[in-house]
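Observations on chain architecture
What follows is each chain in one-letter form.
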Amino acid sequence: MSRNVLLLEPNYKNKFPPIGLMKLATYFRLRGDNVVFYKGDLKEFLINDITNDCVVKLSQIDNTINWKLRFDKIANYIRYRRNADLEKIAIEDSSYSVLIYPWVDYYKNFYHKKEYIKNPKWDWVGVTTLFTFYWDITIETILFAKTMVKDIKNLMVGGVLASIQPKEIEEATGIKPHCGTLHTPYKDIDSDNPYIIDELPLDYSILDEIDYEYVDSGAFFSYATRGCIRSCQFCAVPILEPQFQSYLPLKERIDRTRRLYGDQQNLLLMDNNVLASKDLHRIIEDIRLCGFVPGAKYIEPNQYNIAIRNLRLGINDRAYIRKCWKLLKEINNLKSIGEEARTHIYRLREQYGLLHPETCTKNTLITTYKDFAKFFEKKYSKQKGRLRYIDFNQGVDARLFNTERVALLAQIPVRPLRIAFDDVKTEISYTEALKLSVSYGMKDFSNYLLYNFKDKPQDLYHRMRVNVDFCEELNVSIYSFPMKYHPIRNEHSHDRDYIGKHWNRKYIRAIQAILNATKGKIGRGVSFFEKAFGKDIEEYYRLLEMPETMIIYRYFFEWLDLEDARIIAKSIWGNDDVCENSVSSWWKKFNECQLLLPHTEWQELIDFIHKSDFDNPCRVQHPLAQQLLRFYTNHRKAIIKKGSKLYKLKEEYDKNPLYSVRRLQTKDV
């Protein structure tokens, strides 16, 4: 007997789709079960699910009315219980209204009286977890899942957080999570399960069931190895994947994905240390056999053909009905097909009830396929192809580079090659790996730069500087992504407030403010890097001490105090001295305090600034200290508030031609 299976991902923001749930979806479909995936507002899921049951019931009573067209009105009544919403449903249109009214009220009460807890519909529920600092929303999702499943034994919680903090999750929810991967046949989930679930292909169809769009989609996601030979203190891999698996065949899984869900442009491998594999040559050969060779191009398959075919096969009706509706909507807005064709498509959609996702049906989509097919054939026939790449997303280990391994990597279109540079102590290995890669023709690199762990602030600057300088020296592209360390256990593992031994809150906020302006990355361009982070260590530390509002609107505050703006700016900052601009005024006052304040008062003042808690008063009441602290007032709201002094100055600044030139010069960096 088939089961109703619900797979949940908490509604946090993440780049990659839930690979574990995609494998579970494949497993349950192989077993013949009904699978539903959801990521979003849990209350909305519940209301929509109950409304859908209500619509089905009303259709059984009176199928002369398309109750799906009234889905939103029914949902609003269930949600708010307002008579005005009940009237909008227009139940009186039905000859069976006397029967329909009680059922609409039944489903309204079913939601508000939480009858769904007494009568859960799901036979098996799975919840994935990710980072520890997503603790609150993850616990909320698990507690919700408990109300959804018929038998609590059939609720599985897995993933990163579940494996790192199983005891904490059990204490908070009463659910004992699954730790690690699902790699045991005849044990994981079902006693008659013959599959190694962790090695199953992914079910890409579930991603079309939800509105959430993952940033890094449009790729094959897979593993060629599991685990890592290292045991870095900041890393969770030794807990999640304690055994290093040197080789997992790729081709069969990629081929199956292509057959069922269509080709994908890129290949994204989530391996934690692929260069540690003694089977690297086999992995590279698998990648090449999958079509990822230098110069290979991707021609996007006809997505509408795939969606209709999979509807006919019954692979995932929920997903492909939604996908067909989206594709029809997109092509209806495609200007290249012409106004006449767009009008024709709209009329067809209107005629067959395909304007709204609630009224799209599997049968209608299949029977109208030929009416729309020619428009999609035209769309997908005009492709020149896009280059395809492979990305070892978790990075490769610089300490394992040698000519043999780099020669193998050069046989596939890796872009970017992510070489780990988490510790300044690995600089020699890192730079040698970089040079060796360039000698084999590689030009695009990237890495995550861990900070706030055991490093010092100057270590982060040095590593960024190494990358920027190597871009010029080797004529390559290196994108650095500074990544703040968060502990995976103990205090602050459930939030983002951890401050490393050599860091402070002010410095952390300064780095984050700079990264907000650079979109989180540092690329090629010495002048832009030096403007963002300083020309040297001394200027870098000056930026770390700078008031946060000045960091975010750096050019603006450097412009302030010039000419007519000087008098107004002085009234804001309370500065009577004539300086070049507001930033230099702050720096002059900072140095005065350091020079003229008694040592104990200066130390207390700088400690206060480093705590970055400016809502509370500072104990140092010296006039110089108070003048300096006025610069640390958060003026961001004043800058965006119409009519304020800073807003007017910002308007004037934005119209300044010198600013426009400067903005254009840094736009592409």
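Notes on the structure in this doc start here. (Residues numbered from 1 in each chain as written. Predicted model: local features only at pLDDT ≥ 70, side-chain atom pairs only at ≥ 80, totals over all residues. Heavy atoms only, no water.)

**Let's talk about the sheet that holds strand S6 (residues 266–269)**
Spatially, S5-S6-S9 is the arrangement adopted by the three strands of the open sheet, whose pairing is parallel. Bordering the open sheet on either side are strand S5 (219–222) and strand S9 (390–392), each of which pairs with just one other strand. The mean inter-strand angle of the sheet, taken between neighbouring strand axes irrespective of direction, is 15 degrees. The pairing of S6 with S9 spans three bridges and is classified as parallel. Among the inter-strand pairings, Leu-269 is bridged to a residue of S9, identified as Phe-392. (Pairing = 2+ DSSP bridges. Helix = DSSP H or I, 4+ residues; strand = E, 2+ residues; numbered from the N terminus. Axes fitted to C-alpha atoms, helices over the stretch in contact; angles between N-to-C directions.)

**Notes on unusual backbone geometry**
For the bond from Arg-415 to Pro-416, the omega torsion is -5 degrees, close enough to zero to count as cis. Take Pro-416: it is sitting in the loop between helix H18 (403–409) and strand S10 (417–418). Phi at Arg-81 takes a positive value of approximately 65 degrees, unusual for a residue other than glycine. One can find Arg-81 in the loop between helix H3 (71–80) and helix H4 (83–89). Although it is not a glycine, Ala-90 sits at a positive phi angle of roughly 60 degrees. Overall, Ala-90 belongs to the partly exposed group, its relative accessible area being 23%. (Buried < 20%, exposed > 50% of the residue type's maximum accessible area, 1.4 Å probe, protein only.)

**Quick look at the packing of helix H20 (residues 457–474) against helix H23 (residues 537–545)**
For the pair H20 and H23, interaxial distance at closest approach is 11 Å and the crossing angle is 120 degrees. As the angle between them shows, H20 and H23 are arranged oblique. Along this stretch, H20 crosses H23, giving a crossing that reads as right-handed. Here H20 contributes Pro-457, Gln-458, Leu-460 and Tyr-461 to the contact with H23, which in turn contributes Ile-537, Tyr-540, Tyr-541 and Leu-544. Class assignment for the residues of the contact of H20 with H23 results in seven nonpolar, one polar and no charged. (Parallel < 35°, antiparallel > 145°, perpendicular 65-115°, else oblique. Left-handed = near helix turned anticlockwise from the far one by under 90°. Contact = heavy atoms within 4.5 Å. Nonpolar A, V, L, I, M, F, W, Y, C, P; charged D, E, K, R; others polar.)

**Focus on the packing of aromatic side chains**
Scanning the entire structure with this criterion turns up 40 aromatic pairs. Judged by centre distance (6.4 Å) and plane angle (70 degrees), the rings of Phe-16 and Phe-221 are edge-to-face. Here Phe-221 lies in strand S5 and Phe-16 lies in the loop between strand S1 (4–8) and helix H1 (19–30), a separation of 205 residues in the sequence. No difference in accessibility class separates Phe-16 from Phe-221, as the two residues are buried. Both rings, one in Tyr-27 and one in Phe-28, keep their centres 5.1 Å apart while their planes meet at 65 degrees; by these two values the pair is edge-to-face. Owing to a relative accessible area of 0%, Tyr-27 belongs among the buried residues under this scheme. For Phe-28, a relative accessible area of 0% corresponds to the buried category. (Phe/Tyr/Trp six-rings, centres within 6.5 Å; stacked < 30°, edge-to-face > 60°.)

**Observations regarding the layout of surface pockets**
Once rolled over the atoms, a probe with the size of a water molecule shows which space is left empty. Its volume calculated, the second largest pocket comes out at about 1500 Å³. Taken together, 41 residues form the lining of the second largest pocket, with Asn-48, Asn-52, Phe-71, Arg-318 and Arg-322 sitting closest to its centre. Of all the elements in the fold, those that place two or more residues in the lining of the second largest pocket are strand S2 (34–38), helix H2 (42–61), H3 and helix H14 (317–332). Per element, the largest residue contribution to the lining of the second largest pocket is eight residues, and it comes from H2. (1 Å grid on protein atoms, 1.4 Å probe; cavity = no way out; pocket = protein on both sides within 12 Å on 5 of 7 lines; lining within 4 Å. Points joined across faces, edges and corners; volume = space filled by probe spheres on them.)

**Examining the pattern of salt bridges**
All told, the structure shown has 40 salt bridges when counted by the stated rule. Between Arg-226 and Asp-198 there is a salt bridge, with the nearest N and O atoms lying 2.5 Å from each other. Of the two residues, Arg-226 sits in the loop between S5 and helix H10 (237–240) while Asp-198 sits in the loop between helix H9 (166–173) and S5, which places them 28 residues apart along the sequence. The two residues Arg-226 and Asp-198 agree in class, both being buried. Of the charged contacts in the structure, one is a salt bridge between Arg-509 and Glu-548, with a shortest N-O distance of 2.8 Å. Of this pair, Arg-509 sits in helix H21 (residues 505–517) while Glu-548 sits in helix H24 (residues 548–552), placing them 39 residues apart in sequence. The exposure class of Glu-548 is partly exposed, given its relative accessible area of 22%. Through salt bridges with shared partners, one network takes in Lys-23, Asp-198, Arg-226 and Glu-241. (Salt bridge = Lys/Arg side-chain N within 4 Å of Asp/Glu carboxyl O.)

Coordinates in, geometry out; function isn't part of it.
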